[in-house]
Amino acid sequence: MIEQIVIGAFVVLALAGALMAALSKHILYNIIGLGLSLFGLAGLFLQLGSPFVAAMQLLIYIGGIVVAIVFAMMMSMAMTTDPPARHPLKTVFAAGGSVLLLVGLVVLLRQTSFTILPPAAEPAWAVSRIGQALLDHYNLVFETLSVILLLAIIGAILIARRDRPAP
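This report concerns the structure included in the present document. (Residues numbered from 1 in each chain as written. Predicted model: local features only at pLDDT ≥ 70, side-chain atom pairs only at ≥ 80, totals over all residues. Heavy atoms only, no water.)

### Re the overall build of the chain
Okay, step 1: Helices and strands together make up the secondary structure of the chain, namely six helices and zero strands.
Okay, step 2: Listed N to C, the secondary structure of the chain is α-α-α-α-α-α in terms of helices and strands.
Okay, step 3: Taken across its 167 residues, the chain has 17% of its residues classed as buried.
Okay, step 4: Counting only contacts in the chain whose residues sit at least 6 apart along the sequence, the fraction spanning at least 24 positions is 59%.
Okay, step 5: Accessible area for the chain stands at about 12,800 Å²; split by element, carbon and sulfur atoms hold 75% of it. (Helix = DSSP H or I, 4+ residues; strand = E, 2+ residues; numbered from the N terminus. Buried < 20%, exposed > 50% of the residue type's maximum accessible area, 1.4 Å probe, protein only. Contact = heavy atoms within 4.5 Å. Areas by Shrake-Rupley, 256 points an atom, 1.4 Å probe, with all protein chains shown as cover.)

Spelled out as structure tokens, the structure:
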């Protein structure tokens, strides 16, 4: 019973953060919503029995990417400018595209058959097994994630170093 309440709380936190990130007009609230959503996802990973992935979610995405975005935003002109006005037609198209994507994902998941594997002697989330899989089977994915993190850091530096017009 308690476990279901905790899972529900993490789901609500992830969805509330996602809604805050998507619907807020102020960029700082968008970033805070992203952080809340990622924190909720880390809690769900923890509840699914994957503490390593949950810890990496907290360290890399919240501790690295979200903090870098906050610093870049605070050093840019985004804090001093008003958000642009929203166009209702763009909102309708964005909502329609989101619904189509959701329907496509639901159809895809309904057609997929999932198999339950027997429990292994060593847990699937053990750090040694994850490291071995990253270096053997998922080398390209691992390197791609490294490049994405590097691009995020370079982007934050470029946004922060942009020349500001004199007041």
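Anyway, onward from the coordinates.
### Comments concerning a nonpolar patch on the surface
Okay, step 1: On the surface, Leu-59, Ile-60, Tyr-61, Tyr-138, Val-141, Leu-145 and Ile-148 cluster together into a nonpolar patch covering about 640 Å² of accessible area.
Okay, step 2: Contributions of two or more residues to the nonpolar patch are made by helix H3 (51-75) and helix H6 (139-161). (Patch = residues over 30% accessible without salt bridge, like charges linked within 9 Å, V, L, I, M, F, W, Y side chains within 5 Å. Salt bridge = Lys/Arg side-chain N within 4 Å of Asp/Glu carboxyl O.)

### A short note on the packing of H3 against H6
Okay, step 1: Direction vectors running N to C along H3 and H6 enclose 20°, while the axes themselves pass 7 Å from each other. The orientation of H3 with respect to H6, classified from their angle, is roughly parallel. Judged by the sense of rotation from one axis to the other, the crossing of H3 with H6 is left-handed. Contact with H3, carried on its side by Ile-60, Tyr-61, Ile-65, Ala-68, Ala-72 and Met-75, involves Leu-145, Leu-149, Ala-152, Ala-156, Ile-159 and Ala-160 of H6 and no other residues of that element.
Okay, step 2: Of the residues assigned to the contact of H3 with H6, the class counts are twelve nonpolar, no polar and no charged. (Axes fitted to C-alpha atoms, helices over the stretch in contact; angles between N-to-C directions. Parallel < 35°, antiparallel > 145°, perpendicular 65-115°, else oblique. Left-handed = near helix turned anticlockwise from the far one by under 90°. Nonpolar A, V, L, I, M, F, W, Y, C, P; charged D, E, K, R; others polar.)

### Thoughts on the environment of Lys-25
Okay, step 1: By secondary structure assignment, the location of Lys-25 is in the loop between helix H1 (2-23) and helix H2 (27-47).
Okay, step 2: Sequence separation between Lys-25 and Pro-84 is 59 residues, and the spatial gap between their C-alpha atoms is 8.3 Å.

### Notes on the side chain of Asn-30
Okay, step 1: Mapped onto the fold, Asn-30 is located in helix H2.
Okay, step 2: At a separation of 2.7 Å, a polar atom in the side chain of Asn-30 contacts the main-chain carbonyl oxygen of Ala-21.
Okay, step 3: Asn-30 has contacts with Met-20, Ala-21, Ala-22, Ser-24 and Lys-25, leaving out every residue within four places of it along the chain. (Polar contact = N/O pair within 3.5 Å; in protein donor to acceptor, adjacent residues only side chain to side chain.)

### A word on the nonpolar core
Okay, step 1: Core analysis: the largest hydrophobic core is formed by seven residues, namely Leu-28, Ile-31, Leu-38, Ile-62, Val-66, Val-70 and Met-73.
Okay, step 2: Looking at this core, the elements with two or more residues in it are H2 and H3.
Okay, step 3: Looking at this core, the element that brings in the most residues is H3, giving four residues. (Core = buried A, V, L, I, M, F, W, Y, C linked by side-chain atoms within 4.5 Å.)

### A closer look at the packing of H1 against H2
Okay, step 1: Two elements in contact, H1 and H2, have axes whose closest approach is 7 Å; the angle formed by their N-to-C orientations is 155°. Looking at the two axes, H1 sits roughly antiparallel to H2. The hand of the H1/H2 crossing is left-handed.

### Points about the side chain of Gln-57
Okay, step 1: Secondary-structure assignment places Gln-57 in helix H3.
Okay, step 2: Apart from residues no more than four positions distant in its own chain, Gln-57 is found in contact with Leu-38, Leu-41, Ala-42, Phe-45 and Ile-62.

### Here's the deal with helix H4 (residues 88-111)
Okay, step 1: In this model H4 runs 35 Å from its N-terminal to its C-terminal C-alpha over 24 residues, within 8% of the 34 Å that 1.5 Å per residue would give.
Okay, step 2: Of all 24 residues that make up H4, zero are buried, and the element is exposed over most of its length. (Expected span 1.5 Å × (residues − 1).)

### Observations concerning the environment of Gly-63
Okay, step 1: Relative to the helices and strands, Gly-63 resides in helix H3.
Okay, step 2: Sequence separation between Gly-63 and Gly-35 is 28 residues; the distance between their C-alpha atoms is 9.2 Å.

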